[in-house]
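# Remarks on the overall topology
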Amino acid sequence: MQPVTDDGRPLDSPRRTPLWVRVSSFAMGMWLAFALLLLQLWMAGCLPEAMSGFMFRASTEYGVGATKEDCAAVSNHVASYLRGEKEDFQLELNGVLLFNDREMAHMADVRELYRLLEQVLLCGTGAFLALLAWQALFHQQAKRAFRGGMVAMLLLVGVFALGMVVDFHTFFSLFHLMLFTNDLWILDPAQSLLVRLMNRSFFTYLAVFISLMWAGTCLMLLWLTTNSARRRRKK
């Protein structure tokens, strides 16, 4: 008779990974995918290169009349402000002050969100790396759960993105209602240059760019972890 352990497993069979390890690994996979999305959002606001191109394209569609140089200047200013390099959001361009008080108050709220985003990324990533180094000692099942968490986050964000495609205005409004405690984000296009430059087309282009970059990064990580696991099994 083949010897067995106290829980009935064959003595030479691999030890089953505890449930709590698999659950925490699943959560870690979801967090990694979510953290990568937050990082893409931070880069979209704080790095002006992509913002400038999307702003020029969107403003041209809406007949704003802004040049590439104007959009580059506004994008650089917005990115510098969100990075905390400037205290005042007002910008003078060609002798004209571009933004009104309501726009500046709203962007102050946006900058606070970016500060919170940076803190979440910093604290969450530190905890993630510590847990990842510790859980690397566990069975392959934990790593499968980790990949499952990443896939779950991809699907969850995919459903949200599909909803935005179906009804952009509703999802855009809900997004702002969840993030802001005031109505300063509701801007009149007739009086707000900010909303004419960063209109629906701008956010659509930016969302597609962020989604493709984020999904590509997650899929690459999934492929790398799956491929490395297969190589270890072959050895």
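Every chain is numbered independently, its residues counted from 1 as its sequence is written. Whole-chain, interface and lining totals are the exception, using all residues; otherwise, since this is a predicted model, local features are given only for residues with pLDDT of at least 70 and side-chain atom pairs are given and counted only at 80 or more. Remark: hydrogens and water are excluded; side-chain values derive from all non-hydrogen atoms of the structure.

This part takes up the overall build of the chain. Counting its secondary structure elements, the chain contains 8 helices and 2 strands. In DSSP terms, a helix is any run of H or I states spanning at least four residues, a strand is any run of E spanning at least two, and both are numbered starting from the N terminus. Taken from the N to the C terminus, the helices and strands of the chain come in the order α-α-α-β-β-α-α-α-α-α. Burial classes follow relative accessibility: with a 1.4 Å probe on protein chains only, a residue under 20% of its type's maximum area counts as buried, one over 50% as exposed, and anything between as partly exposed. The burial tally for the chain puts 37% of its 235 residues in the buried class. Here the contacts in the chain between residues at least 6 apart in sequence split such that 72% fall between residues at least 24 apart. Shrake-Rupley sampling with a 1.4 Å probe provides the accessible areas, and residues are treated as covered by the protein chains on show and by no other component. Approximately 14300 Å² of the chain is accessible, and the part contributed by carbon and sulfur atoms is 67%. Here, residues are in contact when the closest pair of their heavy atoms is within 4.5 Å.

Residues lying three or four places apart along an α-helix face the same way, a consequence of the helix completing one turn every 3.6 residues. Taking 1.5 Å as the rise per residue, helix H2 (residues 48-61) with 14 residues should run 20 Å; its terminal C-alpha atoms sit 20 Å apart, in good agreement. Within H2, the full set of buried residues consists of Pro48, Met51, Ser52, Phe54, Met55, Ala58 and Ser59. Just downstream of H2, Gly63 is the residue with a positive phi angle, here 70°. The span expected for a helix works out to 1.5 Å for each residue beyond the first.

For the rest of this paragraph, the subject is a nonpolar patch on the surface. Distance thresholds for patches are 9 Å for like charges and 5 Å for nonpolar side chains (Val, Leu, Ile, Met, Phe, Trp, Tyr), applied to residues having over 30% relative accessible area and no salt bridge. Criterion for a salt bridge: a side-chain nitrogen of Lys or Arg within 4 Å of a carboxyl oxygen of Asp or Glu. On the surface, Phe160, Phe175, Met178 and Leu179 cluster together to form a nonpolar patch covering roughly 390 Å² of accessible area. Broken down by element, the nonpolar patch gets its largest block of residues, 3 residues, from helix H6 (residues 168-179). Mapped onto the elements, Leu179 comes out in helix H6. A relative accessible area of 37% means that Leu179 is categorised as partly exposed.

Side-chain rings of Phe, Tyr and Trp, where Trp is taken by its six-membered ring, are said to pair if the distance between their centres is within 6.5 Å; with planes under 30 degrees apart they count as stacked, over 60 as edge-to-face, and otherwise as tilted. Throughout the structure, instances matching the rule amount to 9 aromatic pairs. Ring geometry for Phe160 against Phe171: centres 5.3 Å apart, planes inclined by 75°, an arrangement best described as edge-to-face. Of the two residues, Phe160 is situated in helix H5 (residues 140-166) and Phe171 in helix H6; the sequence distance between them amounts to 11 residues. Here a set of aromatic residues connected by ring pairs shows up, and it is made of Phe168, Phe172, Phe202 and Phe203. Criterion for a charge above a ring: Lys NZ or Arg CZ within 6 Å of the ring centre, and within 35 degrees of the ring normal. Sitting above the plane of the Tyr205 ring, Arg57 keeps its charged end 4.3 Å from the centroid. Arg111 extends its terminal NZ or CZ atom over the ring of Tyr81, reaching a point 4.1 Å from the ring centre.

This part covers the pattern of salt bridges. Counted by the stated rule, this structure contains 4 salt bridges. A salt bridge links Arg111 to Glu87; the shortest N-O distance between them is 3.6 Å. With Arg111 in helix H4 (residues 101-135) and Glu87 in the loop between helix H3 (68-82) and strand S1 (92-93), this residue pair connects regions lying 24 residues apart in the sequence. The exposure class assigned to Arg111 is buried, which follows from its relative accessible area of 13%. Given the relative accessible area of 67%, Glu87 is considered exposed. Of the charged contacts in the structure, one is a salt bridge between Asp183 and Arg102, with a shortest N-O distance of 3.4 Å. Of this pair, Asp183 sits in the loop between H6 and helix H7 (193-197) while Arg102 sits in helix H4; the two residues are 81 residues apart in sequence, bridging distant segments of the chain. Looking at Asp183, the relative accessible area reads 43%, which means it is partly exposed.

In this section: unusual backbone geometry. Note: most peptide bonds trans; most residues except glycine with negative phi. The phi dihedral of Asn94 is positive, around 55°, even though this residue is not glycine. Examined against the element boundaries, Asn94 turns out to sit in the loop between S1 and strand S2 (96-97). For Asn94, a relative accessible area of 69% translates into the label exposed.

Moving on, we get to H3. Across its 15 residues, H3 extends 21 Å between first and last C-alpha, which sits within 8% of the 21 Å expected from 1.5 Å per residue. Every buried residue of H3 is accounted for by Asp70, Cys71, Val74, Ser75, His77, Val78, Ala79, Ser80, Tyr81 and Leu82. Among the residues trailing H3, Gly84 stands out with phi positive, at a value near 85°.

Here we come to the environment of Leu41. Mapped onto the secondary structure, Leu41 falls in helix H1 (residues 19-46). Overall, Leu41 belongs to the partly exposed group, its relative accessible area being 34%. Taking the C-alpha atoms as reference, Leu41 lies 9.1 Å from Ala207; in sequence the two are 166 residues apart. The residues contacting Leu41, other than those within four sequence positions of it, are Tyr114, Leu117 and Ile210.

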